[in-house]
Amino acid sequence: MSALELEHVSKSFESSEGRVQVLRDVSLRLEAGQSLALTGESGSGKSTLLHIAAGLEQADQGRILVAGQDIGSMGEAGRAGLRRGQVGLVFQHFNLIPSLNVAANLAFQARLAGREDRAHIRALAQALGLEGLLQRYPEQLSGGQQQRVAIGRCLAARPALVLADEPTGNLDEGTGERVLDLMLGLTRAEGVALLLVTHSPRLAARCDARAHLRAGVLDGAP
């Protein structure tokens, strides 16, 4: 069973200039432990594809399966439940909860999913170099440290799929490289599929496979 399958997905939006086609007959398949980099110019449909895979937006046509479950057959409550249990989201804006310390932020998503495992969270904190920061609050962390917490929070829930939208976009080059190293290493070790949206060909080359969106058409997808 694949972690993510998109079959002939299309999506359009209404604009002041009429209907705009954002995705055109997009298909891809992502297996457990596999990483796929999605590149493309701004406005090419990358974030829309990610949002559709997460069930945050609905496709006009096509089929979307996450961990074997058909998102299109679900209502909003079902899609929200799927995100809690099977999908981890990492964005360039870290979206940590400012009133919670690092330890509580790490446990937050796992608790929502009903999968809080303190030993697993401790192991993630160690792998991410956060052991000495567990009592700090987000405002006391650097950007790279906050992004590491966001990755740990995502993986603590043991998702089948991680969707990452420019996760190093707010970091300097060296910190971004280190954060991506950690993300790739942990998702492979945990057997989690990773779909990474990035503008950087250098970062994209680090993934197992690459695909490119141009005017809503996907080239090179597995």
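Everything here concerns the structure above.
The rules we used
- Residues numbered from 1 in each chain as written.
- Predicted model: local features only at pLDDT ≥ 70, side-chain atom pairs only at ≥ 80, totals over all residues.
- Heavy atoms only, no water.
- Helix = DSSP H or I, 4+ residues; strand = E, 2+ residues; numbered from the N terminus.
- Rg over C-alpha atoms; globule rule 2.2 N^0.38 Å.
- Buried < 20%, exposed > 50% of the residue type's maximum accessible area, 1.4 Å probe, protein only.
- Contact = heavy atoms within 4.5 Å.
- Areas by Shrake-Rupley, 256 points an atom, 1.4 Å probe, with all protein chains shown as cover.
- 1 Å grid on protein atoms, 1.4 Å probe; cavity = no way out; pocket = protein on both sides within 12 Å on 5 of 7 lines; lining within 4 Å.
- Points joined across faces, edges and corners; volume = space filled by probe spheres on them.
- Pairing = 2+ DSSP bridges.
- Axes fitted to C-alpha atoms, helices over the stretch in contact; angles between N-to-C directions.
- Salt bridge = Lys/Arg side-chain N within 4 Å of Asp/Glu carboxyl O.
- Disulfide = S-S within 2.5 Å.

Asks: I would appreciate a short explanation of the overall build of the chain in the present structure.
Replies: Counting its regular elements, the chain contains seven helices and ten strands. What you see for the chain is a C-alpha radius of gyration of 17 Å, in line with the 17 Å of a compact globule of 222 residues. Expressed as a percentage of its 222 residues, the buried residues of the chain come to 51%. Contacts in the chain between residues far apart in sequence, at least 24 positions, make up 72% of those at least 6 positions apart. Here the chain has roughly 10000 Å² of accessible surface; of this, 48% comes from carbon and sulfur atoms.

Asks: How should I be thinking about the layout of surface pockets in this particular structure?
Replies: Vacant regions in the atomic arrangement are exposed by a probe of water-molecule size rolled over the atoms. In this structure, the largest pocket encloses a volume near 260 Å³. Surrounding the largest pocket, 17 residues form its lining, Arg83, Val87, Gly88, Leu89 and Gln109 being those nearest its centre. For the lining of the largest pocket, the elements supplying multiple residues, two or more each, are helix H2 (76-86), strand S6 (87-91), helix H3 (102-112) and helix H5 (143-156). When residues of the lining of the largest pocket are assigned to their parent elements, the largest contribution, five residues, is made by S6.

Asks: Even after reading the chapter, I still don't get the sheet that holds strand S10 (residues 217-219), so can you show me in this structure?
Replies: Two pairing modes exist for strands in a sheet, parallel and antiparallel, and in both the strands are linked by backbone hydrogen bonds. On the basis of which strands lie adjacent, the open sheet formed by six strands has the order S6-S7-S8-S3-S9-S10 and mixed pairing. What marks the edges here is a single partner per strand, and that holds for S6 and S10. Mean inter-strand twist for the sheet, computed between neighbouring axes without regard to direction, equals 20°. The sheet contact formed by S6 and strand S7 (residues 161-165) spans five bridges and is parallel. Paired with phenylalanine 91 across the two strands is aspartate 165, which belongs to S7. With respect to the sheet, H2 is in contact with S6 and S7, its orientation differing from that of S6 by roughly 80°. With respect to the sheet, helix H6 (residues 173-190) is in contact with strand S3 (35-40), S6, S7 and strand S8 (193-197), its orientation differing from that of S8 by roughly 155°.

Asks: Any chance you could explain the pairing of strand S2 (residues 18-30) here in plain terms?
Replies: Here nine bridges tie strand S1 (residues 4-15) to S2, and the two strands are oriented antiparallel to one another. Its bridge partner lying in S2, glutamate 5 is registered against arginine 29. The hairpin formed by S1 and S2 contains two residues between the paired strands.

Asks: Sorry, what's going on with unusual backbone geometry here?
Replies: Peptide bonds are mostly trans, and most non-glycine residues show a negative phi. We note that arginine 158 has phi near 50°; this positive angle belongs to a residue other than glycine. Assignment of secondary structure puts arginine 158 in the loop between H5 and S7. The backbone phi angle of alanine 215 is positive, close to 55°, even though this residue is not glycine.

Asks: Explanation requested: the side chain of glutamine 146 in the structure shown.
Replies: Secondary-structure assignment places glutamine 146 in helix H5. With near-sequence residues (within four places) excluded, glutamine 146 lies in contact with Phe94, Leu96, Pro138 and Leu141.

Asks: Can you help me understand the pattern of salt bridges in this one?
Replies: Pairing of side chains with opposite charge becomes possible as their charged atoms draw close. The tally for this structure, following the rule as stated, stands at 15 salt bridges. For glutamate 190, the salt bridge goes to arginine 158, with nearest N and O atoms at 3.9 Å. Placement of glutamate 190 in helix H6 and of arginine 158 in the loop between H5 and S7 is noted, with a sequence separation of 32 residues between them. Classification of arginine 158 as partly exposed rests on a relative accessible area of 40%.

Asks: Where do I start with the sheet that holds strand S5 (residues 69-70) in this structure?
Replies: Taken together, the four strands give an open sheet; going across it, the order is S2-S1-S4-S5, and neighbouring strands pair in antiparallel fashion. Either end of the sheet is taken by a strand with one partner, and the two such strands are S2 and S5.

Asks: Help me out: how do you make sense of the state of the cysteines in this one?
Replies: Two cysteines whose sulfur atoms are joined by a covalent bond form what is called a disulfide. Counting across every chain of the model gives zero disulfides. Free of any disulfide, cysteine 207 has its nearest neighbouring cysteine sulfur in cysteine 154, separated by 14 Å. The class for cysteine 207 is buried, based on a relative accessible area of 9%.

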